[in-house]
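# Understanding the architecture of this molecule
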Amino acid sequence: MINFVRRSDCHIIQFMDSKMLTVLILLSALATCLSVPRRCTPEEAAIGRCRTPAEESSQCMEMVLGYCQDVPYSHTTFPNIVGHRSRQDLEMGVEYLFLSMIHGLLNGECSPDIRLLGCSVLAPRCQDNRIMKPCRSSCEMVKKSCIHAFEAIQMAWPYFLDCDRFFVGNEEGCYDPLSELRENQEVAFASISDGGIFTIHQFTYHTNSQMFNILKKTAAKCSHISQTYSIGRSVEGKDLLVIEFSDNPGQHDLLEPEIKLIGNMHGNEVLGRQLLIYLAQYLCSEYLRGNERIQTIINTTRIHILPSMNPDGYEIAASEGHEYNGWISGRANAQNLDLNRNFPDLTSIFYNRHRFRHFRSDRIPIPESYWINKVVAPETYAVMKWIRSIPFVISASLHGGELVISYPFDFSRHPQQRRMYSPTPDEQIFRRLARTYADAHPTMSNNDTERCGASFANKGGITNGAQWYSFAGGMSDFNYLHSNCYEITVELGCDKFPSEEELYPEWLRNKEALLSFMEFVHRGIKGIVKDEHGNGIKGATISVRGMRHDITTAKGGDYWRLLNPGVHIVTAAASGYSKVSKRINLPRLQVGRVDFVLKKVPREPSLDYFNIPELDNYERFDPFNQYEQNSRGELGENGEERTEKPWWWAYFSQLGISAPTWLLQN
């Protein structure tokens, strides 16, 4: 007996009789099925349910496809590797359309590599009436160097560039579709003999997409010391992308200090954004070159670089360009909020509570009133979570409009006084940190009264923030009062949006200052606070006599305390443990190692501190869970997360063709 179904389901054929008639009928049915002119769908090709073209007879023909004219061969054939049965079939397909658009979609990134690789599959090389498949190694190389460009625009890797399915190994007689391209590149870069680690810095302004691509490409190039990660999204959904450098990226190493550099907080202050992009490229290329100074910095420090905190504002400012100068347009985020006025005002709490004997000027909790009465920007929310999650020691926020280094407090101790000297308990530390950057800059600290920032010439290019002008809700004050981090504000110049001709000179002026600033983190003392069993104690406080600002130990019990040279009395304490004090003599330009071992004792909380209203719970962050919820995707009818299609989806969906769902991530 023979059981078989419709012709469209020819593959579901079962037979249970061995008579000759049955065999003949079966062969006839199979022949009919194989004659149906149907090409593979992407889904069938991806899971191998189609007959491969290598199994079909091929007829070589001249290559006449417009987007594949520069491939290193002159003849192709159909059906191709993914099942297009003719040239017309291919040209009507979304895969070929994709090749025509990829240069624009990726802003020229990985061009023409992706297009040539795609042509090797869609219009494969034909020799002696036989398809020659491209090499898997070529595909893997392109995917490794270009996957970041697809991720930057939320696009999945194309199914027809699956290196395992549509490409073969050298032992199977493959060819390299990028051979001529590589030869041309070798000729173009013949004068560069640095082993392939040379980085060409383009001293031009970059779009947000280009910035993301550069950061991810840099991280891929130096994957053993670098990675990128997002701390959140802007109002308009753009990633707040960070690039990290460390000898162990992605992990906090015990006793290794962490620093952060932030640019473009105000969208129209663009120089800092560009300098941090250049810095990331420089750190990568110089590390690979064997630059001992850069290798020492990266091997002993974990560096986090956020080139743009306000990518939405940057797009507005960039649309008007440097000639407008962008003094107002693009400064705020897409909600029209000034991000440097949007943080919790902990400075007022410090001024109001400093009369309490045991009141601490560190780890001041965020009051609930902030979450109730303030519109918290998603960029601010993301940075606050970032600050709370990593034990940063120092930080610099790069701005524009003056040439000076400003340090906390930024909010005056008398709110009615707009310009009043308002120092922190760490005034001398902040002054030294600010001087480190200013003195390494060729013009910031000189006394030339004709220069940009001349009003600070008699101060050596540094100033207390509130003495310059007072404002509440700033990021630097928040860093100091809520965490262990000492942040300065770097005003890079009087022109907030300089011309592109100024980018290279500005990089030369600031490169040494940025490196010197990063090296400053290795000053003062560091150590580990442990219990009697050798376990690190998280949340222990490190106090220095005469300074009303403590430092708190990280998860493993390690800490870093910036100190000027001299004799200090340092005390370690933790709830439920005894206090231990040590007298240290700290020499110049060195970091001292000071460890503590604490013994268990009955807990005796300090009532002076814990009875202060609203300051009894540091861990309460977004207590009403309103901003975390807003950062999630909208839920559909069945509770699944509903995500918007990426911006490029419209290019395909409006053409009336089968939309390439295989390009959507997840």
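Residues numbered from 1 in each chain as written. Predicted model: local features only at pLDDT ≥ 70, side-chain atom pairs only at ≥ 80, totals over all residues. Heavy atoms only, no water.

As annotated in an unreviewed UniProt entry, the protein chain is Carboxypeptidase Z from Cyprinus carpio carpio.

### Quick notes on the sheet that holds strand S13 (residues 462-464)
In space, the eight strands of this open sheet follow the order S7-S8-S10-S9-S11-S14-S12-S13, with mixed pairing throughout. The strands lining the two open edges of the sheet, one partner per strand, are strand S7 (226-233) and S13. In this sheet, neighbouring strand axes are inclined to one another by 20° on average, regardless of whether the strands run parallel or antiparallel. Inspection of the sheet shows strand S9 (residues 258-263) paired to strand S10 (residues 302-306) by five bridges, in the parallel sense. Paired with Ile-259 across the bridge in S10 is Ile-303. (Pairing = 2+ DSSP bridges. Helix = DSSP H or I, 4+ residues; strand = E, 2+ residues; numbered from the N terminus. Axes fitted to C-alpha atoms, helices over the stretch in contact; angles between N-to-C directions.)

### With respect to the pattern of salt bridges
Counting across every chain of the model gives 24 salt bridges. Of the charged contacts, one joins Arg-87 and Glu-91 as a salt bridge, the two residues approaching to 3.2 Å between their closest N and O atoms. One end of the pair is Arg-87 and the other is Glu-91, both in helix H3 (residues 87-91) and four residues apart, which spans about a single turn. On the basis of relative accessible area, Glu-91 is assigned to the partly exposed category, the value being 33%. A salt bridge links Arg-302 to Glu-258; its shortest N-O distance comes to 3.1 Å. (Salt bridge = Lys/Arg side-chain N within 4 Å of Asp/Glu carboxyl O. Buried < 20%, exposed > 50% of the residue type's maximum accessible area, 1.4 Å probe, protein only.)

### Examining the packing of helix H9 (residues 271-289) against helix H18 (residues 503-519)
One can describe the packing of H9 onto H18 by two numbers: an axis separation of 10 Å at closest approach and a directional angle of 65°. The angle between H9 and H18 places the two elements in the roughly perpendicular class. Every pair of crossing elements has a handedness; the one defined by H9 and H18 is right-handed. Packed against H9, whose contacting residues are Leu-271, Gln-274, Leu-275, Tyr-278, Leu-279, Tyr-282 and Leu-283, the element H18 presents Leu-503, Glu-506, Trp-507, Asn-510, Lys-511, Leu-514, Leu-515 and Met-518 at the interface. Of the residues that constitute the contact of H9 with H18, the class distribution is eleven nonpolar, two polar and two charged. (Parallel < 35°, antiparallel > 145°, perpendicular 65-115°, else oblique. Left-handed = near helix turned anticlockwise from the far one by under 90°. Contact = heavy atoms within 4.5 Å. Nonpolar A, V, L, I, M, F, W, Y, C, P; charged D, E, K, R; others polar.)

### Focus: the packing of aromatic side chains
Summed over the entire model, instances satisfying the criterion amount to 33 aromatic pairs. Between the aromatic rings of Phe-98 and Trp-662, the centroid separation amounts to 6.4 Å while the plane-to-plane angle is 65°, which identifies the pairing as edge-to-face. Taken as a pair, Phe-98 in helix H4 (residues 94-105) and Trp-662 in the segment after helix H21 (649-653) lie far apart in primary sequence, 564 residues in all. Its relative accessible area of 0% is what places Phe-98 among the buried residues. We classify Trp-662 as buried; its relative accessible area is 14%. Each ring, one from Phe-343 and one from Phe-478, has its centre 5.5 Å from the other, and the planes form 40°; the classification is tilted. Linking Phe-343 in the loop between helix H11 (311-320) and helix H12 (346-353) with Phe-478 in helix H17 (residues 475-482), this pair joins segments that are 135 residues apart in sequence. Classification of Phe-478 as buried rests on a relative accessible area of 1%. Linked through ring pairs, Phe-350, Tyr-351, Tyr-407, Phe-409, Phe-430, Tyr-480 and Tyr-486 together constitute an aromatic cluster. (Phe/Tyr/Trp six-rings, centres within 6.5 Å; stacked < 30°, edge-to-face > 60°.)

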